[in-house]
Amino acid sequence: MAEVKIHRGLDQIGGCITEISTDTSRVFIDFGQNLPGNGEPTTPEEDEKLVASIFASNLKGYEAVFYTHGHEDHVGLFEYIPDNVPQYMSEGTKALLSIKYDVLYEGAKLKVEELQTKECEEKEYSEAINSLVNADNKRKLLNRMNVWSKTPPRKEPEGIVVGDIKVTPFFNCHSIYDSHMFLIEADGKRIWHTGDYREHGYMGKGLFPTLKKYATDIDVLIIEGTMLKRDDKCIHEREVSQKMASAMQAFKYVFVLASATDIERLATIKEAAKSAGKPLYIWSLFMKRTMGLFTERESKLSYGLFAFTPLFYRERLYRKLKRKGFAMIVGTSQIDRVRELLDNLPQGETLLIYSSWDGYYKDPEQVKVNPKYKEYREMFHNVVDIHTSGHADRSTIKRVVETIHAKEVICIHKEADAEL
């Protein structure tokens with residue numbers, strides 16, 4: 001008889017680890033790192049020990065790990081999975097993570113080379129070397145990752161067999177590129193794992209048609225409940241774009257703080273800049289490469305929505321930008337360069353559109369871990385929050401539960417006292 005065990009995620013957002021097993025086989029859905037303020041903070045040594053202890057118990061002849069998407073709270077522990085256990089993710093997720101670790105490796109390499117040419121503290125040099133080695137190790141591990149290909153339009157996804165368990169991935173809409181949910185068929189049981197999902201993105205329109213067609217006769221529904229206790233109104237990405245366009249028209253110089261891995265939000269900003277008549281710039285190598293990936297893989301199918309051709313900002317363009325104005329997408333890693341640019345712009349004509357979760361600057365624990373979100377806001381005289389969640393709101397969660405009508409529902413990726 002198939003069994004479901006939630007190792008982590010019942011009483012916290014992120015850090016998810018779910019095990020589904022039969023007498024001979026088992027699969028894991030996600031091996032995520034704890035998010036700040038969710039679950040106990042852990043060291044790399046503790047993470048490695050946790051993964052080892054999970055694999056040391058309930059051993060089966062056939063085992064594998066599947067990842068829903070590339071956020072660290074779902075994929076962050078992939079480096080500790082035993083070498084003999086196959087790991088699977090989508091082609092898009094692997095490509096996105098490869099870009100991430102390539103950029104981190106290149107940056108760490110430049111830092112090491114810089115420190116070698118001048119006097120520095122031993123601790124600083126040691127940290128740079130560790131960053132270089134860690135990024136390189138993750139790049140090599142990703143090269144061995146198994147992938148499933150994108151399902152062509154109007155084709156049914158193919159399942160992956162692990163012993164007597166079959167796992168079939170289905171694309172879903174989330175605040176990162178190429179997220180998936182799974183149908184797991186194990187010893188006569190049909191289990192549906194939603195991963196992180198939403199309906200209010202450009203690609204969210206396929207959620208309920210997919211569920212109605214494939215999530216049938218489900219015995220166990222494992223569903224995320226991030227938004228169960230939140231009253232946030234989840235507006236559609238199109239409305240986010242309209243709000244941004246209005247804000248962009250009111251200011252000459254506009255910076256938008258957003259994620260380089262969220263294909264839909266990047267499209268939202270691109271369309272807003274177009275509507276506002278502003279040239280779109282970026283200032284991040286990581287973003288330049290992710291946009292290149294999105295354009296290569298998704299431009300044609302999206303009729304150009306996910307085609308990105310922004311200009312890359314360089315100092316020689318400053319005079320032109322100051323004269324004409326701009327919209328520029330930035331990330332936390334560019335904060336020092338943005339601060340320098342701000343010193344040469346009139347604050348009254350400059351706006352920051354904050355397009356990320358507000359907890360990053362409101363929650364003390366989040367601010368302690370990464371203060372740059374709060375620092376960004378404090379750099380600007382004019383700031384406006386324009387955002388929508390990457391997760392399903394309460395009404396969508398309710399509709400999913402009612403649509404699937406499973407015999408048993410397990411809610412994960414939620415706050416401890418949140419209830420369906």
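On a predicted model such as this, the values are computed, not experimentally measured, just so you know. (Residues numbered from 1 in each chain as written. Predicted model: local features only at pLDDT ≥ 70, side-chain atom pairs only at ≥ 80, totals over all residues. Heavy atoms only, no water.)

A.B. asks: Honestly, the pattern of salt bridges in this entry has me stumped. Any pointers?
C.D. replies: A complete count under the given rule lists 26 salt bridges for this structure. Close ionic contact of Glu91 with Arg297 constitutes a salt bridge, the shortest N to O distance being 3.8 Å. Placement of Glu91 in helix α3 (residues 91-116) and of Arg297 in helix α8 (residues 285-298) is noted, with a sequence separation of 206 residues between them. Residue Glu91 is classed as partly exposed on the basis of its relative accessible area, which comes to 29%. Residue classification places Arg297 among the partly exposed positions, given a relative accessible area of 23%. The partner of Glu264 in a salt bridge is Arg198, and the shortest N-O contact between them spans 2.8 Å. Taken together, the residues span a long stretch of sequence, with Glu264 in helix α7 (residues 263-276) and Arg198 in the loop between β10 (189-193) and α5 (207-214) at a distance of 66 residues. The pair Glu264 / Arg198 is uniform in exposure class, with both members buried. (Salt bridge = Lys/Arg side-chain N within 4 Å of Asp/Glu carboxyl O. Helix = DSSP H or I, 4+ residues; strand = E, 2+ residues; numbered from the N terminus. Buried < 20%, exposed > 50% of the residue type's maximum accessible area, 1.4 Å probe, protein only.)

A.B. asks: When you look at the nonpolar core in this model, what are you seeing that I'm missing?
C.D. replies: Side chains of nonpolar character tend, in soluble globular proteins, to be buried together. Grouped together as the largest cluster of nonpolar side chains are 37 residues, with contacts concentrated most on Met244, Met248, Ile269, Phe294, Phe308, Ile329 and Ile353. Elements with a contribution of two residues or more to this core: α3, α6 (237-250), β12 (253-257), α7, β13 (280-282), α8, β15 (326-330) and β16 (350-354). Sorting elements by how many residues they give to this core places α7 first, with 7 residues. Excluding residues that lie within four positions of it along the chain, Met244 makes contacts with Val256, Arg265, Thr268, Ile269, Ala272, Ile353, Ser355 and Ile386. One finds Phe326, Val338, Leu341 and Leu342 within the second-largest nonpolar core, a separate group that totals 23 residues. (Core = buried A, V, L, I, M, F, W, Y, C linked by side-chain atoms within 4.5 Å. Contact = heavy atoms within 4.5 Å.)

A.B. asks: Would you take a moment to explain empty space enclosed by the protein for this structure?
C.D. replies: Empty space among the atoms becomes apparent when a probe as large as a water molecule is rolled across them. The full count for this structure, using the stated rule, is 1 cavity of 30 Å³ or more. What lines the largest cavity is simply Phe171, Asn172, Cys173, His174, Ile176, Tyr177, Asp178, Ser179, Met203, Ile263 and Glu264. Among the secondary structure elements, those contributing two or more residues to the lining of the largest cavity are β8 (165-172) and α7. Residues that form the lining of the largest cavity fall into these classes: 6 nonpolar, 3 polar and 2 charged. (1 Å grid on protein atoms, 1.4 Å probe; cavity = no way out; pocket = protein on both sides within 12 Å on 5 of 7 lines; lining within 4 Å. Points joined across faces, edges and corners; volume = space filled by probe spheres on them. Nonpolar A, V, L, I, M, F, W, Y, C, P; charged D, E, K, R; others polar.)

A.B. asks: It is not clear to me how the sheet that holds β16 should be interpreted in this structure. Could you clarify?
C.D. replies: In a beta sheet, neighbouring strands are held together by backbone hydrogen bonds and run either parallel or antiparallel to one another. In space, the 6 strands of this open sheet follow the order β14-β13-β15-β12-β16-β17, with parallel pairing throughout. A strand with exactly one partner marks an edge of an open sheet, and here the two such strands are β14 (311-312) and β17 (383-385). Here α6 sits on the sheet and contacts β12, β15 and β16; the angle it forms with β16, its principal contact strand, is near 165 degrees. In the packing of α8 onto the sheet, contacts are made with β13, β14 and β15, and the angle to β13 comes to roughly 120 degrees. (Pairing = 2+ DSSP bridges. Axes fitted to C-alpha atoms, helices over the stretch in contact; angles between N-to-C directions.)

Don't take any of this as a statement about function, it's just geometry.
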